[in-house]
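Coordinate inspection notes
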Amino acid sequence: LMLLAGRAAEAGNPAAAAQLQRRAFELAPDIPRGTLAAEFLLMARDREGARQVLARVHALGTPDTATAVVIRGLDSLASAPPAGR
């Protein structure tokens, strides 16, 4: 699923990438899978989905330093008000 998600993202289909990566995270939850799922969900403009995944990522434990920086950025993007408001 993760391979297909990456290919969907490369092909410019963030909605399919998000759906596939989120399913991969649901089947085998870990911090890297969840982080990538949240990123693809944000690319697909699904901020609520990204917030849900990020909440589960936070519950999984403490990420390494570099991943923690990425997660903080994703948290910020997911919680930001929609553009134009």
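Residues numbered from 1 in each chain as written. Predicted model: local features only at pLDDT ≥ 70, side-chain atom pairs only at ≥ 80, totals over all residues. Heavy atoms only, no water.

Helix and strand counts for the chain come out as 5 helices and 0 strands. In terms of overall size, the chain behaves like a compact globule, its C-alpha atoms giving a radius of gyration of 12 Å where 85 residues would be expected to give roughly 12 Å. Each principal axis of the C-alpha atoms in the chain carries an extent, and together these give about 35 × 30 × 20 Å. In the chain, the proportion of contacts linking residues at least 24 apart, taken out of those at least 6 apart, comes to 53%. Just so you have it, the chain exposes about 5,100 Å², and 56% of that area is on carbon and sulfur atoms. Side chains of the chain carry 10 positive and 8 negative charges; the gap between the two charge centres is 5 Å. (Helix = DSSP H or I, 4+ residues; strand = E, 2+ residues; numbered from the N terminus. Rg over C-alpha atoms; globule rule 2.2 N^0.38 Å. Contact = heavy atoms within 4.5 Å. Areas by Shrake-Rupley, 256 points an atom, 1.4 Å probe, with all protein chains shown as cover. Lys, Arg positive; Asp, Glu negative; His and termini not counted. Charge placed at Lys NZ, Arg CZ, Asp CG, Glu CD.)

A separate point is the side chain of T67. Following the sequence through the fold, T67 ends up in helix 5 (residues 65-79). On the basis of relative accessible area, T67 is assigned to the buried category, the value being 18%. If near-sequence neighbours (up to four positions away) are discounted, T67 is found in contact with I31 and T35. (Buried < 20%, exposed > 50% of the residue type's maximum accessible area, 1.4 Å probe, protein only.)

Attention now goes to the environment of G49. In this structure, G49 sits in helix 4 (residues 47-59). Given a relative accessible area of 3%, G49 falls into the buried group. It is 8.9 Å that separates the C-alpha atoms of G49 and A78, two residues lying 29 residues apart in sequence. When residues no more than four places from it in sequence are discounted, the contact partners of G49 are R22 and L41.

A few words now on the pattern of salt bridges. Counted according to the given criterion, the structure contains 4 salt bridges. In this structure, E26 engages R22 in a salt bridge whose closest nitrogen and oxygen atoms are separated by 3.8 Å. Here E26 pairs with R22, and both are found in helix 2 (residues 14-27), just 4 residues apart, close to one helical turn. Of the charged contacts, one joins R23 and E26 as a salt bridge, the two residues approaching to 3.5 Å between their closest N and O atoms. Within this pair, R23 and its partner E26 are both found in helix 2, separated by 3 residues, close to a single helical turn. Look at R23 and you get partly exposed, because its relative accessible area is 42%. Three or more residues joined by partner-sharing salt bridges are found here, namely R22, R23 and E26. (Salt bridge = Lys/Arg side-chain N within 4 Å of Asp/Glu carboxyl O.)

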